[in-house]
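Structural features, examined
Listed here are the chains, written in short residue letters.
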Number of protein chains: 2
Amino acid sequence: MSKLVIVGTVAFDAIETPFGKTDKILGGAATFIGLAASQFDADGAIVSVVGGDFPQEYIDLLISRDLDVSGLEIVEWGKTFFWSGKYHNDMNSRDTLVTELNVLESFSPRVPEAYVDSEVVMLGNLHPAVQLSVIEQMKDPKLIVLDTMNFWMDNTLEELMDVVSKAHVITINDEEARQLTHEYSLVVAAKKIMEMGPKYVVIKKGEHGALLFHENDIFFAPALPLEEVFDPTGAGDTFAGGFTGYLAKTGDYSFEGMKNAIIYGSALASFCVEKFGTERLLNLTSKEVHQRLKQFQNLTQFDIELT
Amino acid sequence: MSKLVIVGTVAFDAIETPFGKTDKILGGAATFIGLAASQFDADGAIVSVVGGDFPQEYIDLLISRDLDVSGLEIVEWGKTFFWSGKYHNDMNSRDTLVTELNVLESFSPRVPEAYVDSEVVMLGNLHPAVQLSVIEQMKDPKLIVLDTMNFWMDNTLEELMDVVSKAHVITINDEEARQLTHEYSLVVAAKKIMEMGPKYVVIKKGEHGALLFHENDIFFAPALPLEEVFDPTGAGDTFAGGFTGYLAKTGDYSFEGMKNAIIYGSALASFCVEKFGTERLLNLTSKEVHQRLKQFQNLTQFDIELT
């Protein structure tokens with residue numbers, strides 16, 4: 001069991017889908033990552049910032065999942081990061097209605113002393129300067145996993161490339177991989193990204209699954225085909241949390257280990273989309289996870305004998 | 001080893017992609033299906049029609065693959081079906097430039113006497129009335145596999161639904177499955193299609209792979225991630241030909257058997273797109289197929305022990 005540092009947003013989300021809408025509910029990349037990682041009893045610490053308006057009950061909820069929150073700064077006079085979005089009928093595209101950075105604007109992350117020697121670092125989607133600061137505070141991290149998005153490619157590409165060069169694993173969606181490399185083929189794009197630093201590249205294709213690239217090896221995990229996607233918010237972060245949580249638990253950072261980590265991440269993400277926000281993750285039994293892993297086996301495993 | 005009847009177009013294609021363009025080359029659904037099925041030494045018969053302009057060397061080529069062509073009608077005074085298309089830069093969408101039905105307009109299919117007792121029937125994309133006529137000529141087919149497309153849903157829905165009700169397996173792409181059922185979720189769409197007749201539903205998602213549905217079971221086969229898709233023409237038919245060729249060879253029409261058939265179909269389709277038209281299929285060794293099946297295993301198989 002390795003220690004795990006998680007940096008990312010802890011936020012309020014307000015979500016509208018064809019199925020309904022929410023008030024301000026608990027959200028943020030670090031929240032979803034932490035809740036997913038906690039499925040593996042990982043010793044994880046959340047490094048983030050919230051305002052004085054952030055309810056103690058949400059903090060207690062993170063603590064109840066054995067997440068260390070000593071790196072969760074509370075700016076009493078400030079307001080918590082707020083995001084609001086509306087999904088279209090196909091659930092594959094969304095409009096951002098509101099983004100209020102609030103306390104994130106001047107966030108300077110501090111990794112708790114007890115966690116600077118963590119083996120695994122999960123850099124959730126945030127300003128690359130913040131991600132870089134976390135890397136620099138770590139003693140000798142064995143596995144730095146980077147999540148990012150097109151916004152940082154558009155606005156802070158140079159800083160982002162610095163972080164990319166230091167990451168062991170990057171998780172990125174298909175459009176972002178294409179944007180970053182100017183290559184349409186994901187195989188070619190992944191090769192180019194590996195030349196930028198990461199030894200492992202995970203390309204997320206949403207409902208079409210995820211690809212893992214390492215040297216000349218490729219592994220593919222489908223998304224579980226679902227009758228209904230209720231709310232996709234946080235699915236990518238849940239995937240990342242399952243992925244890093246599993247790796248922190250096993251300490252196996254090989255290609256084989258990462259294949260399994262991707263299946264675990266996909267399984268947890270398939271739960272996330274069943275309810276609004278974190279609701280489904282908060283009511284998830286290990287038996288349900290076990291059953292879903294079996295579904296992934298049935299979905300993908302076949303028996304052709306090749307000599 | 002079961003006998004296999006293949007009905008579909010035998011045609012001239014002229015293809016333009018970002019990589020180049022062809023003159024009129026050998027094409028057509030039955031051609032690709034037949035060439036793919038011939039990989040399994042299936043005893044297949046092609047039921048189709050061509051004009052007097054169709055070169056004898058193309059017919060000889062089909063014969064050289066042990067495909068029976070006694071059901072390939074030659075209308076001496078007529079012209080062969082001609083399709084021309086241009087692919088866009090992403091290779092996922094295309095414009096049809098020319099469609100000349102020619103001899104297809106008055107095609108009345110005739111299944112050779114020696115093949116009316118075939119176990120497997122592959123109904124390639126054609127007018128549903130033609131597909132229905134083939135079904136009616138068969139004695140006691142064990143497995144009727146239907147391929148179709150949105151054009152027939154738009155124009156001959158009633159006749160198409162009659163064929164659908166008689167098919168054991170339907171292969172259809174994701175957009176067509178949605179159009180046929182007015183359901184966005186492919187899981188829900190597949191359930192509705194199973195209520196229309198087919199016990200097995202294969203939903204093709206192009207570069208995103210294919211899903212097999214049967215009762216409450218789902219199996220997924222990815223498309224092989226490729227550095228370059230040179231020409232997608234015929235990939236769906238090659239998939240169908242690999243699928244039915246494998247099933248005709250094994251005679252195992254169970255869910256487990258179909259899982260393997262889908263992997264074989266996907267493997268052959270991954271070759272098809274590497275060159276223009278049928279070129280790659282015509283120069284394919286069993287060693288190459290074997291290696292590609294291994295690639296599919298490496299791509300999808302993982303080892304999580306679940307009790």
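Just so it is clear, the structure is predicted and the values come from calculations on it, not from any experiment. (Residues numbered from 1 in each chain as written. Chains lettered and ligands numbered in written order. Predicted model: local features only at pLDDT ≥ 70, side-chain atom pairs only at ≥ 80, totals over all residues.)

Regarding the overall build of chain A
Secondary structure assignment for chain A yields 11 helices and 14 strands. Principal-axis analysis of the C-alpha atoms gives chain A an extent of 65 × 45 × 40 Å. Buried positions account for 51% of the 307 residues belonging to chain A. A sequence separation of at least 24 residues applies to 66% of the contacts in chain A between residues at least 6 apart. (Helix = DSSP H or I, 4+ residues; strand = E, 2+ residues; numbered from the N terminus. Buried ≥ 20, exposed ≤ 12 C-beta atoms within 10 Å, placed from the backbone. Contact = placed C-beta atoms within 7 Å.)

Quick word on the interface of chain B and chain A
Interface size, as often reported, equals the accessible area lost upon joining of the parts. Between chain B and chain A, the contact holds 31 residues from the first and 31 residues from the second. Of all the secondary-structure elements, those providing two or more residues to the side of chain B that touches chain A are α7 (186–195), β14 (217–221), α9 (255–272) and α11 (286–300) of chain B. Ranked by residues supplied to the side of chain B that touches chain A, first place goes to α11 of chain B with seven residues. Partitioning the side of chain B that touches chain A into residue classes produces 17 nonpolar, eight polar and six charged. (Nonpolar A, V, L, I, M, F, W, Y, C, P; charged D, E, K, R; others polar.)

With respect to helix α3 (residues 128–137) of chain B
Every buried residue belonging to α3 of chain B is among Pro128, Val130, Gln131, Val134 and Gln137 of chain B, and all of these are buried. Buried residues belonging to α3 of chain B abut β1 (3–7), β5 (43–51), β9 (120–123), β10 (143–147), α4 (150–155) and α5 (157–166) of chain B.

Regarding the sheet that holds strand β12 (residues 200–204) of chain A
Residue and element names in this part refer to chain A. In space, the nine strands of this open sheet follow the order β6-β5-β1-β9-β10-β11-β12-β13-β14, with mixed pairing throughout. The sheet is open, and its two borders are formed by β6 (72–75) and β14 (217–221), each paired with just one other strand. Across the sheet, the mean angle from the axis of one strand to that of its neighbour is 15°, orientation sign disregarded. (Pairing = 2+ DSSP bridges. Axes fitted to C-alpha atoms, helices over the stretch in contact; angles between N-to-C directions.)

Things to note about the packing of helix α9 (residues 255–272) of chain A against helix α11 (residues 286–300) of chain A
Between two packed helices, the angle of one axis relative to the other and the distance separating the axes together describe the packing. Residue and element names in this part refer to chain A. Running from N to C, α9 and α11 point in directions that differ by 115°, and their axes come no closer than 10 Å. Between α9 and α11, the crossing angle belongs to the class labelled roughly perpendicular. For α9 against α11, the interelement crossing comes out right-handed. The residues of α11 that touch α9, namely those facing Ile263, Ser266, Ala267 and Ser270, are Val289, Arg292, Leu293 and Phe296. Grouping the amino acids of the contact of α9 with α11 by side-chain chemistry returns five nonpolar, two polar and one charged. (Parallel < 35°, antiparallel > 145°, perpendicular 65-115°, else oblique. Left-handed = near helix turned anticlockwise from the far one by under 90°.)

A short note on the relation of the copies chain B and chain A
It takes a turn of 180° to lay chain B on chain A, together with a shift of 0.0 Å along the axis; the resulting RMSD is 0.0 Å. On the angle and the small slide along the axis, the relation comes out as a two-fold axis. (Least-squares fit on C-alpha atoms with pLDDT ≥ 70 in both.)

Examining α11 of chain B
In this model, α11 of chain B (15 residues) spans 21 Å end to end at C-alpha, consistent with the 21 Å of a helix rising 1.5 Å per residue. Listed as buried for α11 of chain B are Phe296, Leu299 and Thr300 of chain B. Within α11 of chain B, the buried residues cover an arc of 75° as seen down the axis, which keeps them to one side. Opposite its buried face, α11 of chain B presents the exposed residues Lys287, His290 and Gln291 of chain B, each directed more than 90 degrees away. For α11 of chain B, the secondary structure elements touched by its buried residues are β14 and α11 of chain A together with α9 of chain B. (Expected span 1.5 Å × (residues − 1). Arc of directions from axis to C-beta.)

What to know about the nonpolar core
Among the nonpolar cores identified, the biggest contains 193 residues, and Val5 and Ile6 of chain A together with Val5 and Ile6 of chain B are the most heavily contacted of them. Once you skip the residues sitting within four places of it in the chain, Val5 of chain A turns out to touch Ala45, Val47, Val111, Tyr115, Ser118, Val121, Met122 and Val134 of chain A. (Core = buried A, V, L, I, M, F, W, Y, C linked by C-beta atoms within 7 Å.)

So, the confidence of the model for chain A
Residue-level pLDDT values for chain A average 96, and 100% of them are 70 or greater. With a pTM of 0.94, the predicted complex shows an ipTM of 0.90. (pLDDT = per-residue confidence, 0-100.)

Remarks on unusual backbone geometry
The backbone phi angle of Asp66 of chain B is positive, close to 65°, even though this residue is not glycine. Checked against the element boundaries, Asp66 of chain B lands in the loop between α2 (56–64) and β6 (72–75).

Some details on the sheet that holds β5 of chain B
All names here are of chain B. The mixed open sheet is built from nine strands, whose spatial order is β6-β5-β1-β9-β10-β11-β12-β13-β14. One side of each edge strand has no neighbouring strand; the edge strands of this open sheet are β6 and β14. Adjacent strand axes in the sheet meet at a mean angle of 15° when their direction is disregarded. Sheet topology note: the β1/β9 ladder contains four bridges and is parallel.

Some words on the environment of Thr244 of chain A
All names here are of chain A. Relative to the elements of secondary structure, Thr244 occurs in helix α8 (residues 235–250). Linking Thr244 and Val5, residues 239 residues apart in sequence, is a C-alpha distance of 9.8 Å. For Thr244, the residues in contact, after removing those within four places along its chain, are Leu4, Ala37, Val120, Met122 and Val145.

A few points about the environment of Leu132 of chain B
Residue and element names in this part refer to chain B. Along the chain, Leu132 falls in helix α3. On the neighbour-count criterion, Leu132 (17 C-beta atoms within 10 Å) is partly exposed. Between the C-alpha atom of Leu132 and that of Val103, which follows or precedes it by 29 residues, the distance is 19 Å. Contact partners of Leu132, with chain neighbours within four places excluded, come to Glu159, Asp162 and Val163.

As for the pairing of β5 of chain B
Residue and element names in this part refer to chain B. The buried count for β5 comes to eight of nine residues, which makes it a mostly enclosed element. Pairing geometry for β1 and β5, over five bridges, is parallel. In the sheet register, Val5 faces β5, and the bridge partner there is Ala45. Sheet topology places β5 next to β6; four bridges connect them, and they run parallel. Looking at the pairing, Gly51 lines up with Val75 of β6.

Things to note about the packing of α3 of chain B against α5 of chain B
Residue and element names in this part refer to chain B. Contact geometry for α3 and α5: axes closest at 8 Å, N-to-C directions at 35°. Seen from above, α3 lies across α5 with left-handed handedness. Of the residues in α5, those touching α3 at Pro128, Ala129, Gln131, Leu132 and Ile135 are Glu159, Leu160, Asp162, Val163 and Lys166. Residues that form the contact of α3 with α5 fall into these classes: six nonpolar, one polar and three charged.

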